[in-house]
Amino acid sequence: MTTTLRPAGPEETLPDGGRGRPWLVCANGRTVGSVRTSAVRYGTHWAGRIDALQITEGLRRGRGTVAALAAEEVLRSWDCTRAEVVVPAQAPAALALALALGYTETNRKLLKDLGEVPPPAPGLTLRPIGAAEFPEWLAAANAEYQEHLVRSGLTPEQARQRCATDTRNLLREGADTPGVALRRLYAGERAVGSLWVALDCGPLADGRQHSWVMTVEVAADRRGQGHGRELMLAAERESLAAGSRVLGLNVYSDNTVAIRLYASLGYRPTTHVLAKAL
């Protein structure tokens, strides 16, 4: 029985200049599932994504494997050099399939339903990051972001281009970008960490508004002293003040310390992101 992909609609131009298309998974011409491919340009390279893969008929016949491999061929034809797959946390079979196809988990998306948040700890204060200190903060944040991207499999140049694209899209007006909270945490007069929260991320599938923690950074010599927890609680307060009762974040899979912190605060995994070179 031959499994193939058939377009389920026209190719779409994405808002960021990328491209996407939905596909039907067909076995001998009969629809047995669906999948979506998309691609985004970062500087001179394209990164592809495969998501929403669903086999509705004939499970355990290898159709998911063939559909994923066919989707990879689509991404190659779009000049993508890397593919990512997004797997729901409650889909262990899909996660096992991705791992079997050579994908490696790079990061996880987490969410938390917000409730009452304790007040700031004594001796710690949060201050906005203003225009004067924004360039120095951004340089440090971008350096850490690029380091994570390289560890997840990008080349240094690809990481630099992706970082530049994301910064341009997300912080268009620098420290004055609407809908973001940029904060520094101080112990006395010493800056010990920083926080970036996107406050207007739109509705989730259930209609609830949510915010997103973009970066949390603690000074290297002040780690293990509870400052990361205090910054996350500050992010929750910022989110609630903006009218969002759900807060999400991304954590890289090799950051076991952060994973433990977020779990202790009640964040739950919603999706796994895995990647491989094409």
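Rules behind the numbers
Numbers given for residues are sequential positions, taken from 1 along each chain in its written order. The predicted origin of the model limits local features to residues at a pLDDT of at least 70 and limits the giving and counting of side-chain atom pairs to 80 or more, whereas totals for whole chains, interfaces and linings rest on all residues. Excluded from the side-chain calculations are hydrogens and water; all other atoms, namely the structure's heavy atoms, are used. A run of H or I in DSSP counts as a helix once it spans at least four residues, and a run of E counts as a strand once it spans at least two, with each numbered from the N terminus. Based on C-alpha atoms, the radius of gyration is set beside the globule rule, defined as 2.2 Å times the residue count to the power 0.38. The buried label goes to any residue with under 20% of its type's maximum accessible area, the exposed label to any with over 50%, and the partly exposed label to all in between, with areas taken from a 1.4 Å probe on protein chains only. The contact criterion used throughout is that any non-hydrogen atoms of two residues lie within 4.5 Å. The method behind every accessible area is Shrake-Rupley, applied with a 1.4 Å probe, and residues are considered shielded solely by the protein chains displayed. Each Phe, Tyr or Trp ring (for Trp, its six-membered ring) is paired with any other whose centre lies within 6.5 Å, and the angle between the two planes then decides the class: stacked below 30 degrees, edge-to-face above 60, tilted in between. Note on geometry: axes are lines fitted to C-alpha atoms, helical ones only across the stretch in contact, with angles between N-to-C directions running from 0 to 180 degrees. Working definition: roughly parallel below 35 degrees, roughly antiparallel above 145 degrees, roughly perpendicular at 65 to 115 degrees, and oblique for all remaining angles. Crossings are assigned a handedness: left-handed for a near helix turned anticlockwise from the far helix by less than a right angle, right-handed for a clockwise turn. Each helix should span, by expectation, one fewer than its residue count multiplied by 1.5 Å. Under the rule applied, a polar contact is a pair of N or O atoms within 3.5 Å (in protein, one hydrogen donor and one hydrogen acceptor; residues adjacent in sequence only if both atoms are side-chain atoms).

Visitor: Any chance you could explain the overall build of the protein here in plain terms?
Guide: Across its full length, the protein carries six helices and 13 strands. The C-alpha atoms of the protein give 20 Å as radius of gyration, which agrees with the globular expectation for 278 residues (19 Å, within 12%). In terms of overall dimensions, the protein has C-alpha extents of about 70 × 40 × 30 Å along its principal axes. When the 278 residues of the protein are sorted by exposure, 45% land in the buried category. Residue pairs at least 24 apart in sequence account for 63% of intrachain contacts in the protein once pairs closer than 6 positions are excluded. Per element, the accessible surface of the protein, about 13800 Å² overall, is 54% carbon and sulfur.

Visitor: Just to check I follow, could you spell out the packing of aromatic side chains for this structure?
Guide: We describe a pair of aromatic rings using the distance from one ring centre to the other and the angle between the two ring planes. Counting across every chain of the model gives three aromatic pairs. Considering the side-chain rings of Tyr262 and Tyr267, the 6.2 Å spacing of their centres and the 65 degrees angle between planes classify their relative orientation as edge-to-face. Judged on exposure class, the residue Tyr262 and its partner Tyr267 are both buried. In this structure an aromatic cluster arises from ring pairing among Phe134, Trp137 and Trp196.

Visitor: Would you mind going over unusual backbone geometry with me for this structure?
Guide: Among all residues save glycine, negative phi is the norm, and among peptide bonds the norm is trans. Residue Asn28 is not a glycine yet carries a positive backbone phi of 50 degrees. Locating Asn28 in the fold gives a position in the loop between β3 (19-27) and β4 (30-42). Phi angles above zero are rare outside glycine, and Ala52 is one such case at about 60 degrees. In this structure, Ala52 sits in strand β5 (residues 45-55). Looking at Ala52, the relative accessible area reads 53%, which means it is exposed.

Visitor: Any chance you could explain the packing of helix α5 (residues 227-241) against helix α6 (residues 256-264) here in plain terms?
Guide: In a pair of packed helices, the angle between the axes and the distance between the axes together describe the arrangement. Viewed as axis vectors pointing N to C, α5 and α6 meet at an angle of 50 degrees, and their least axial separation amounts to 11 Å. Here α5 lies oblique to α6, going by the angle between them. α5 and α6 meet at a crossing whose hand is right-handed. Here Gly228, Arg229 and Met232 of α5 lie close against α6, whose contacting residues are Leu261, Tyr262 and Ser264.

Visitor: What exactly am I supposed to notice about helix α1 (residues 63-77) here?
Guide: A turn of α-helix holds 3.6 residues, and therefore any two residues three or four places apart point the same way. With 15 residues, α1 should reach 21 Å at 1.5 Å per residue; the first-to-last C-alpha distance of 21 Å fits that figure. Along α1, the residues that are buried comprise Arg63, Gly64, Ala67, Ala68, Ala71, Glu72, Val74 and Leu75. Immediately downstream of α1, the backbone of Asp79 shows phi near 70 degrees, a positive value.

Visitor: What am I meant to see in the environment of Ala164 here?
Guide: If you trace the backbone, Ala164 turns up in helix α4 (residues 156-170). Separated by 40 residues in the primary sequence, Ala164 and Leu124 have C-alpha atoms spaced 32 Å apart.

Visitor: In this structure, what is going on with the side chain of Glu236? I would like to understand it.
Guide: Considering the arrangement of structural elements, one finds Glu236 in helix α5. Looking at Glu236, the relative accessible area reads 2%, which means it is buried. Polar contacts involving the side chain of Glu236 include one to the side chain of Lys112, which spans 2.9 Å.

Visitor: Even after reading the chapter, I still don't get α5, so can you show me in this structure?
Guide: Between the first and last C-alpha of α5 there are 21 Å, a value that for 15 residues agrees with the 21 Å anticipated at 1.5 Å per step. For α5, the buried fraction is high: eleven of the 15 residues fall into the buried class. Phi for Gly243, located one or two positions after α5, is positive at around 95 degrees.

Visitor: Whenever I open this one, the side chain of Glu72 confuses me. Can you help?
Guide: Note that Glu72 resides in helix α1. At 2.7 Å, the side chain of Glu72 forms a polar contact with the side chain of Tyr103. In terms of polar contacts, Glu72 uses its side chain to reach the side chain of Lys276, at 3.0 Å. Beyond its immediate stretch of four places on either side in the chain, Glu72 contacts Ile50, Tyr103, Lys276 and Leu278.

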